[in-house]
Every structure is written in C-alpha cells, then in structure tokens.
Amino acid sequence: MRICLVSMPWHLLETPCLPVGLLHARIGACRERHEVADYYGNLRWAEFLGERTAGEISSADYAYVADRGIWHAMGDWIFASALHDDPRWQEETFRAYLDRRGLDPGTSVRMREHAQEFCDLAAAEILAREPDLVGFSSTFQQNVASLSVARRIKRLRPATKIVFGGGNCDGPMGPALHRGFPFLDYVISGEGEIAFVALVDALAAGRRLDDVPGLAHRGDGGETVVNGRAGMVPIDLIPQPDYTEWWQAIQASPLRGELTPVLIYEAARGCWWGEKHHCTFCGLNGTSMKFRSKPAPRVRDELAELVRTYEILDVVTVDNILDTAYFRDLLPRLRDLGWDLRLRYEVKANLQPEQLDLLRDAGVCHIQPGIESLNSQVLRLMDKGVHGTQNVRLLRDANDRDLTVDWNYLYGFPGETAADYRPVIGQFPALVHLQPPSGITRILIERFSPHFERPELGFAERRPAEMYRHVYDLDPAELEDLAYQFESAPQGIGGATEEALRSGVAAWQRDHLDSALTWQADGDDIVVFDRRTGFPRQEHIVGGAARVRAYRLLERPRTLPGLGRELASAGLALAEDTLARWLGGLRDAGLVFEDGGRIVALATRRPSLRARDGLPADDWLIEAGAEPADTGRPVAASGTRAG
Amino acid sequence: MSPSLRFRAPGAATGGPYARRIDTTADDLDAVREPGAGAALAVIAEPDGFATAEVTGAGLERAGVAAVLITERVVLSPRDPVMSLGFLRFLREATATGVPVGWCGRCELDCAPVLLRHLPPPQPMTAPATIPDGPHRFGLCHYRAGPGFVLVTDRRTGRERRTTLRDPEVIGALTACARPAPAEDVPPVLIAAGLVLPVAGQALTLPYRLRRWPIPCTDI
C-alpha cells in the first residue's frame, strides 16, 4: 500500500510532528512492506500564505495563531470556511467572541481568505503521491484543517481511505468525529502504535476490521461501529521517530531562514504523579495515565542519534513529567556527552538544588514545573502535592542555575476564596526579580480531568466551551462528545480579587527584566543587594551568627517554630518573639515570602543573564592605522560608579 | 549584639552589587578565592598581563569574579598582537560568563568594528573607566558544540546568521584559536566569516562557547 501521513496547521513550524514520526517508523512493523510519505501541511500553509501575500503574512503570524489562538480555536475558525464551503462562516460570531475578550485577531481574517484555495492545493499535493491510505494526526487546533483537506481528498478520489488519530480522537471524541464527518473512513481512539499497524495489516490483507483496537469504522449501513480498545502500548513498542521527511521539508522550505528547527522527543508516557494524585484541572493524559518510561541508555542513544542525524542541539521532550529515575541514570549520561544541548522538560516543582544542578549540567535549561499557583490552599484544592513556598523556592533556585521556567497562574478553582489570594498578591512586588508567570488563566474544564469526571468537585453544570460555536455546526449532543474544553459558571474568585491578581501579574511581568535581588557572604555577615523595581536600591546586612544561620536555613521553606528548633539545635537559640520580630523585618523589606505558615528566603546568588537589548549600536570605534597619540600608557585614576 | 538588619547605601563598599573589591593582576584573576566568600569586583591596573594570562570564563566563575575594572588605558594595536589578542580573549571569556568589564582605551586593529560588537567596547578616554551596569549583550556571537559539528550563531550585524561547521579541520582551528595561535594554520573560511580575527600573524576565535544561558533561554 501507499500511505501518506499528514500534519496540518497549527502544528508548530519549527518542530517535526511526533505522531507522524512515530507511525512512520512503526509501519516497518507491518506484515508487508508499504511505501510511506509524510506531508507537512503546516509548513506548506505558512509558505502558501507568504506566497499569496508577498510575505505580508509571516511565520510570526502563524506562530501567533498557533500559540495564542489555541485557547480560542482561532486556527480552527480560519479553516472552518474551507470545511463548510462558506467564506463568511460564523465571522460575526468569531469577531464578537474576540471583542468580548479584548483579543487581537492578528491576521486571522486575512488568512482565512486563503484557506479554501490552500485546502484544494493540499488535497491535490497529497493525492499526487497516489496514496491508498491517508492518515491525519490531529491534536488541539489541527482538527478543522485536517477535516477540510480530508473532505476534498474523498471528493476527488473516493477510493482513498482516510484515517484520523491523535489527541483530538481520544475517548468519545474519536467516534464523535466519525459520526459527524462521513468522509472519514476510520478514526483511531487512544495510542496508535499498535492500532495503526493492525489497521494497515487488515487493509492490506483485505480482512475485516473488527480486531483493530479502538477503531471507529463503518458498518454495512454506513453507521459508526466502534471496536473495543486495547491496553496501553508497552514502552518497548514506542519507536525512535523517523523525521527524515520533515527535515527534507524544512531544508527545502523558503521559510528555512526564519525558523530555528527544534527536535521533539518522547521518553515517557503518562504521569506518575497523576496515577496517585490526579491534578484536578488536568486532562492532558486522556485515557492513558499509566506512567511508562524508556530505559535511560535507550533514551541517551536515541537522543544522540537524533542530534547527530539532524545536527540540532535543541530538543523539546513531550513527557508530561520527568521520570525521577532519570536523575540517577539519564541526566548524568547526557551531561557526560559534553554537548551544548538545550533541552526542555516538564518536571515536578519540588526539586532539590542538586537535582536542578543535574538538569542544568545535562543541558536541560528550560523547565515547565507546573507551578500553577503560589498559594498552598489553592494548590491543595488542585491536588498538586506542593506548597506555595516550594514553588517560590524553585523559581529562586532556577535563577541561580540559568534555568528558564515556564509557568502559568491558574485560578477559578471551586472552593478557593479571596482570603487565599490577598496575602499572595500582596507579596508579588517582592517576587519581581523571579521569573513571572507567562500568563494568567481562569481554568476551563478539560475532558478526562477530575473536574470533568467528578461533578461533585464543583463544576456540576458544564457545556462545551464557547469557542466551538464559531467552528462546528453539530448537534449539541454530538458537540458534547467531540469537545475537549468545557466551561461552566465561574467558580472561585472574581471581581476585585481577580482584577488584583491580573494587575499584580502584569506589574510583575513589566518590572521583572530590570530587577535583581542577590545575596553574598561578606565576612561573617550576609549582604543582600536590592535592585528590584519598586524597592529602594539598598544593601541589607544580616549580622550576628544566629541571624546569619537563620537566613541560610530559610533557603528551605520553614515554619517559625521549625526555624527556632533548628537554631536551638545549632546552639544559636533566639527567643521566639525576637525571631518573629526579625522575620517581620525581613518580610517588611520583601526579603522573604510567606504562605501557609512557611517562610522562604527570596534573594538569589547572582543576577540572571538577559539577552534582549535590541540591535547593536556602533560603539566599537576603531582607529585604523592611527598613530597612538602617546607612547606610554597614561594611567587613569581608578574609578567606580555607584551601583 | 550587632543589629539584626542594617541598611547601607547601594554600592557603598564596592561601587556595585559586589561584597568585595580585590586589587589583582591579569595572571591572578582566576586564582581560586576563599570558598564561600561573596562575589568580587576585580580591579586590575596593569593590562599588559593579559598578553599571557590564561583567563577562562570557568576560571572567573570559580574565582567568584563578578565584574572587572581595568584602570589603565588599553591600546589594541597590530604592533602588539600578543597583548591585543590576549585582551580580546579576556573580553570574550568575561562576556561568556556574564561578567561586566569596564575599560577605556583605543582600538587600532585593522578590522571591521562589527566583528567586535559582541564584546564590551572601550569607554571614552576622557574619564576613568567605570563598571558597566550589567553584562555586555549576552549571546550576540557564540557557538555550541555537538557531535561532529559546531553551531555558530552570529547576530553582530543585527541580522541573525546561523552556521553549522562540519569540517574537522575548521572545527579544530576554531578550538585551537580559543587562545591566540599562528594565523597561518587557520582555514581562510573562518577569517572570511569573521569568526577568527587575524592580527599580525596571530589569530583569535571571536565567538565564545556558550557556558551560561540567558533567561529566557529562547532569546538567543
């Protein structure tokens, strides 16, 4: 058979599509040999927009829709005109939706003018490969572009079989897609490594499809028949992805100069934390929570092969959480490679300093620790398993190791109150030297999350998110099965507290780049250098053995009684009221963060490095061939500038 | 008992956020200091020592050097290639590890100014040198090593240029010229690309190997 695997917009332009790479490799496990081609429709779309608009719509515009539009189905709306053959499809609904939220549509309206023509072109280009089977990998905003092209393929060449898979097809979403769009022959729900091979084998042999796990297919009357699902794919069956055709597409693309290619790698599936404590808002693991990870030597070898093959040192791992065993057996191996990698990993936030050292040494300089909140009570409501002060400690320690931290501030949890937020918001100004959240979001209800599965947690009534209205034209019951994000009446904080939270985060983001709070030993004392926006530029001197010891102890979050006990056991006891007064002074100066009865010190060991400073000025004046005016070296008086 | 929390004016002790001021020489700049002591402003009067000093970014970091101030004027001249390239090497290593350098002087080298933009420029000779507020334009021209290849990222012209070096001879020369080395052994392609600077028979690699990442790391 000839098989074409397709990745449509809005998959990121810089990266290969992991499911396409995995299935490309897995087809080698089929009983017969098949010809496989990959089609990077996302890259073609960005190229096409550039051609049609003489470069006015750029890869940055694409990135805007891919990154920002994901929360508003902006990308799906752009292709909805092609799906419904209506260039004005829900245009007013879309504009009103954005207006209500104060969102910039970017170039989405202009992009949409080209969507139908592009889908015709993509269908023709895929059919030029004469495939017997076309497989679309659909996650998040890839649904509508994929459906639009699939419909055209079926219309142009009905004998071509179409199969969908990916995150958008997990659970009941897959059968709903199959019912809602009759031009889809097959939809695979759940992990694809076994099911896709079984489907290809069955099609090649002309066998019935009843044994293909998790497959939605058509019965004799055209109705949707859904097979039972198989168990999890064992980790040994998850292959090294084959990105050869992605690499060729990138190399041949006119956008090559604008893009910095980044590899995607998967070392593990599922979430070991979620197996024990499912974070209440998270639906990302779909129906496959069980944690499975590749053995460290295999990960090292596969990563090394990818880096060597594509000569790319930037790798994003898609693991939902770093396997803790990797601290022991993988990270040292990566460190020992001696390469200047830039790896990105999702981690749990309660990492110890030596674990952060290992991450940095292994080239993991970009982490996503799932911080979500700085208040322990709210973190408890979401079953995060970390304390607010641990999150602040991580932000502080990450700075010392040049680790970039990606995090979002989430709110809107059932049961949270303004009293949980006020003290934390009041301390935001003291945190300004630490990395701010990149965004602040009222949570939606994700399918598969505890909030979705267990209405008693507080979201008793829910409906598909409003954004689906400007995308689909489906019966409400069908949309209920097809949607991933849901909303309900707002829970938790609102009004003035919500406003204070948002403006507090905005100020943090604004003032962060110019702020530093560092400490150093100075003889027996500690000096804290305050260079934070909003605070007086000054140096705090912590003096006296007991207080210096106490300050160092506060590098880890501690309670006041706990701190007192530690000092006493070191023979440096302070009376409790003396200690409390001293801590009050530190708090007033914004040198510690306090939450839920625990206190943690805020100063970092050194300022972090910034690379943003615009274009270089012509400041190297070179006096070519000039005779020096003086033969000796005039000695200038030593001078310093007040910091 | 000493006061528990005192305040002092910013920079009262050293002129910047540094616990110590150390008067030292180029040769001693990366000598290991007392463990646990705070970061230092290193003040150097005698820049001639950079002709032979083995200053590395790692050494500066180990020594706790957080800023360097050169108090004598520096003249970079083809008449003194060893000193000139040694000094540029020091500027490169300091930049790689995020250490600000304050110096004043003049550059008479026969090279386009753009080639040196990733390094802290001389301050006007009309006043004493001062410590810059922060590290100089981090990440403007650097390289990263992989298995059998080297990725060079160069934004000195204001446009980003990424180059992958694969030829072992070229990679070897880039590494060999980390310290001043004979220019005759350098493949011309490295000089044409502005990645190695020749001065009177000697040559120095201009980009630094990336040792630290900025935050956010995606900015470079």
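Each value, and the rule that gives it
Within each chain, residue numbers correspond to sequence positions counted from 1 in written order. To label them, take the chains in the order written and letter them from A, then take the ligands in the order written and number them from 1. Only residues with pLDDT of at least 70 get local features here, since the model is predicted, and only at 80 or more are side-chain atom pairs given and counted; chain-wide, interface and lining totals rely on the full set of residues. With hydrogens and water stripped out, all remaining heavy atoms of the structure feed into the side-chain values. Put simply, DSSP H or I for four residues or longer makes a helix, DSSP E for two residues or longer makes a strand, and each gets a number counted from the N terminus. With the radius of gyration taken over C-alpha atoms, the globule rule is written as 2.2 Å times the number of residues to the power 0.38. For the exposure calls, accessible area comes from a 1.4 Å probe over protein chains only, and a residue counts as buried if that area is under 20% of its type's maximum, exposed if over 50%, partly exposed in between. Any pair of residues with heavy atoms lying within 4.5 Å of one another is described as a contacting pair. Here the open area of atoms and residues is found with the Shrake-Rupley method and a 1.4 Å probe, where only the protein chains shown may cover a residue. Neither His nor the chain termini are counted; the positive set is Lys and Arg, and the negative set is Asp and Glu. Charge positions are represented by NZ for Lys, CZ for Arg, CG for Asp and CD for Glu. Here, two cysteine sulfur atoms that lie within 2.5 Å of each other are counted as a disulfide. Here the quantity called buried area is the accessible surface, traced with a 1.4 Å probe, that two parts lose on coming together, added over both. Salt bridge criterion: a side-chain nitrogen from Lys or Arg within 4 Å of a carboxyl oxygen from Asp or Glu. What qualifies as a polar contact is a pair of N or O atoms within 3.5 Å, subject to a donor-acceptor requirement within protein and to the restriction that residues adjacent in sequence count only when both atoms come from side chains. Each residue receives one of three labels: charged for Asp, Glu, Lys and Arg, nonpolar for Ala, Val, Leu, Ile, Met, Phe, Trp, Tyr, Cys and Pro, and polar for the others, Gly being one of them. Aromatic contacts are taken between Phe, Tyr and Trp rings whose centres are within 6.5 Å, Trp giving its six-membered ring; a plane angle under 30 degrees counts as stacked, one over 60 as edge-to-face, and the others as tilted. Here, nonpolar core means buried Ala, Val, Leu, Ile, Met, Phe, Trp, Tyr and Cys residues that are tied together by side-chain atoms lying within 4.5 Å of each other. Domain start and stop points were drawn from an automatic or database domain assignment. The span one expects for a helix is its residue count, reduced by one, times 1.5 Å. Here a strand pair is declared whenever DSSP counts at least two bridges between the two strands. Geometry is summarised by axes, namely lines fitted to C-alpha atoms with helices restricted to the contacting stretch, and by angles between N-to-C directions that run from 0 to 180 degrees. Roughly parallel means an angle under 35 degrees; roughly antiparallel means over 145; roughly perpendicular covers 65 to 115; every other angle is labelled oblique. We call a crossing left-handed when the near helix sits turned anticlockwise from the far one by less than a right angle, and right-handed when that turn is clockwise. Space inside and on the surface of the protein is sampled on a 1 Å grid over the protein atoms alone, with a cavity defined as a set of points where a 1.4 Å probe fits but cannot get out and a pocket as an open set with protein on both sides within 12 Å along at least 5 of 7 lines; lining residues have an atom within 4 Å of a point. Grid points are joined across faces, edges and corners, and a volume is the space filled by probe spheres set on the points.

Turning next to the overall build of chain B. From N to C terminus, chain B includes four helices and 14 strands. On C-alpha atoms alone, chain B measures out to a radius of gyration of 18 Å, which is about the 17 Å that the 2.2 N^0.38 rule sets for 220 residues. Buried positions account for 59% of the 220 residues belonging to chain B. Residue pairs in contact within chain B that sit at least 24 positions apart in sequence constitute 59% of those at least 6 positions apart.

A separate point is the overall build of chain A. Scanning chain A from terminus to terminus reveals 25 helices and 24 strands. At 28 Å, chain A has a C-alpha radius of gyration in line with the 26 Å of a compact globule built from 643 residues. Across its three principal directions, the C-alpha atoms of chain A cover 85 × 75 × 50 Å. Taking all 643 residues of chain A together, 59% fall into the buried category. For chain A, the computed accessible surface area is about 25200 Å², with 50% contributed by carbon and sulfur atoms. The centroid of the 73 positive side-chain charges in chain A is displaced by 4 Å from the centroid of its 92 negative side-chain charges.

The next thing to look at is the state of the cysteines. All names here are of chain A. One pass over the structure, following the stated rule, counts zero disulfides over all chains. Counting only cysteine sulfurs, Cys282 is the nearest neighbor of Cys279, a cysteine outside any disulfide, at a range of 6.3 Å. Given a relative accessible area of 9%, Cys279 falls into the buried group.

In this section: the interface of chain B and chain A. Facing the 87 residues of chain B at the interface are 78 residues of chain A. Overall, the association of chain B and chain A removes approximately 7000 Å² of surface from exposure, summing both partners, and the carbon and sulfur fraction of that is 52%. One salt bridge connects Arg144(B) with Asp314(A), and the closest N-O pair in it is separated by 2.7 Å. Joining chain B to chain A, the criterion identifies 21 residue pairs in polar contact (both at pLDDT 80 or more). When contributions to the side of chain B that touches chain A are tallied by element, the ones reaching two or more residues are β1 (5-8), α2 (81-96), β7 (105-107), β8 (141-146), β9 (149-154) and β10 (161-165) of chain B. A class-by-class count of the residues in the side of chain B that touches chain A yields 48 nonpolar, 16 polar and 23 charged.

Quick look at the pattern of salt bridges now. Residues and elements named next belong to chain A. Counted by the stated rule, this structure contains 63 salt bridges over all chains. A salt bridge links Asp402 to Arg606; its shortest N-O distance comes to 3.3 Å. Here Asp402 is found in the loop between α18 (388-400) and β14 (404-405), whereas its partner Arg606 is found in the segment after β24 (598-601), with 204 residues between them in sequence. Like Arg606, Asp402 is buried. It is possible to trace a salt-bridge network through shared partners that takes in Asp85, Asp120, Arg151, Arg152 and Arg155.

To continue, consider the packing of aromatic side chains. All names here are of chain A. With the rule as written, the count across this model stands at 31 aromatic pairs over all chains. Aromatic pair Trp407 and Trp508: ring centres 5.8 Å apart, planes at 65 degrees, arrangement edge-to-face. Placement of Trp407 in the loop between β14 and β15 (408-411) and of Trp508 in helix α22 (residues 495-511) is noted, with a sequence separation of 101 residues between them. As far as burial versus exposure is concerned, Trp407 and Trp508 are alike and both buried. Ring centres 6.1 Å apart and planes at 70 degrees place the aromatic pair Trp519 and Tyr551 in the edge-to-face group. With Trp519 in strand β20 (residues 516-522) and Tyr551 in helix α23 (residues 545-553), this pair connects stretches of sequence that are 32 residues apart.

If you look at the biggest cluster of nonpolar residues, it comprises 206 residues, and the most contacted ones within it are Trp45(A) and Leu374(A). When residues no more than four places from it in sequence are discounted, the contact partners of Trp45(A) are Pro9(A), Trp10(A), Tyr62(A), Ile78(A), Phe79(A), Met111(A), His114(A), Ala115(A) and Phe118(A). Judged by nonpolar contacts, the second largest core, of 36 residues, contains Leu60(B), Val68(B), Leu76(B) and Leu88(B).

Residue and element names in this part refer to chain B. Each assigned domain of chain B is listed here: domain 1 (4-116) and domain 2 (141-219). For domain 1 and domain 2, the distance between their C-alpha centres works out to 22 Å. Facing the 20 residues of domain 1 at the interface are 20 residues of domain 2. Carbon and sulfur atoms supply 67% of the area buried between domain 1 and domain 2, which totals about 1700 Å² over both sides.

In this section: α2(B). All names here are of chain B. Across its 16 residues, α2 extends 22 Å between first and last C-alpha, which sits within 8% of the 22 Å expected from 1.5 Å per residue. Burial runs high along α2: 15 of the 16 residues are buried. Two residues or fewer past α2, Gly98 is found with a positive phi of approximately 80 degrees.

The subject of this paragraph is the sheet that holds strand β3 (residues 133-137) of chain A. Residue and element names in this part refer to chain A. What the seven strands build is an open sheet, ordered β2-β1-β3-β4-β5-β6-β7; its pairing is mixed. Edge positions in the sheet fall to β2 (35-40) and β7 (224-226), since each has one partner strand and no second. Strand-to-strand twist of the sheet, defined as the mean angle between neighbouring strand axes without regard to direction, takes the value 20 degrees. Here β3 runs beside strand β4 (residues 161-165); their pairing, made up of five bridges, is parallel. Bridge pairing in β4 places Gly135 opposite Val163. Lying on the sheet, helix α1 (residues 18-26) is in contact with β1 (2-7), β2 and β3; it crosses β1 at an angle near 160 degrees. On top of the sheet, helix α10 (residues 192-205) reaches β1, β3, β4, β5 (186-188) and β6 (215-218); it is set at about 150 degrees to β5, its chief contact.

Residue and element names in this part refer to chain A. Ordered in space as β17-β19-β18, the three strands form an open sheet in which the pairing is antiparallel. Single-partner strands in this sheet number two, and they are β17 (445-446) and β18 (463-464). One ladder, built from two bridges, connects β17 with strand β19 (residues 485-487); its direction is antiparallel. The residue bridging Glu446 from the neighbouring strand is Gln485, located in β19.

What follows deals with the packing of helix α4 (residues 74-84) of chain A against helix α8 (residues 143-156) of chain A. Residue and element names in this part refer to chain A. Direction vectors running N to C along α4 and α8 enclose 20 degrees, while the axes themselves pass 7 Å from each other. If you check the angle between α4 and α8, you find them roughly parallel. Where α4 crosses over α8, the two elements pack in a sense that is left-handed. Seen from α4, the contacting residues are Asp76, Phe79, Ala80, Ala82 and Leu83; seen from α8, they are Asn143, Val144, Ala145, Leu147, Ser148, Arg151 and Arg152. Taken together, the residues of the contact of α4 with α8 break down into seven nonpolar, two polar and three charged.

For helix α16 (residues 353-361) of chain A, the complete set of buried residues consists of Pro353(A), Leu356(A), Leu358(A) and Leu359(A). On its buried side, α16(A) packs onto α14 (325-329), α15 (331-337), β13 (364-368) and α18 of chain A.

Attention shifts here to the pairing of β10(B). All names here are of chain B. Of the pairings in the sheet, the one linking β9 to β10 comprises five bridges and is antiparallel in character. Paired with Val150 across the bridge in β10 is Leu165. Between β9 and β10, which follow one another and run antiparallel, lie six residues, and Gly158 among them has a positive phi close to 100 degrees.

Turning our eyes to something else, we now look at empty space enclosed by the protein. Residues and elements named next belong to chain A. Per the stated rule, a full pass over the model turns up two cavities of 30 Å³ or more. The calculated volume of the largest cavity comes to roughly 230 Å³. Residue lining of the largest cavity: 15 residues in total, with Asp76, Phe140, Asn168, Tyr468 and Tyr484 positioned closest to the centre. For the lining of the largest cavity, the residue count by class is 10 nonpolar, four polar and one charged. Shared between two domains, the lining of the largest cavity holds at least three residues of each, these being domain 1 (2-231) and domain 2 (262-512). By volume, the second largest cavity amounts to about 30 Å³. Every residue along the wall of the second largest cavity is listed here: Arg300, Leu303, Ala304, Val307, Leu334, Leu337, Trp339 and Leu341. Counting only elements with at least two residues in the lining of the second largest cavity, the list comes to α13 (296-310) and α15.

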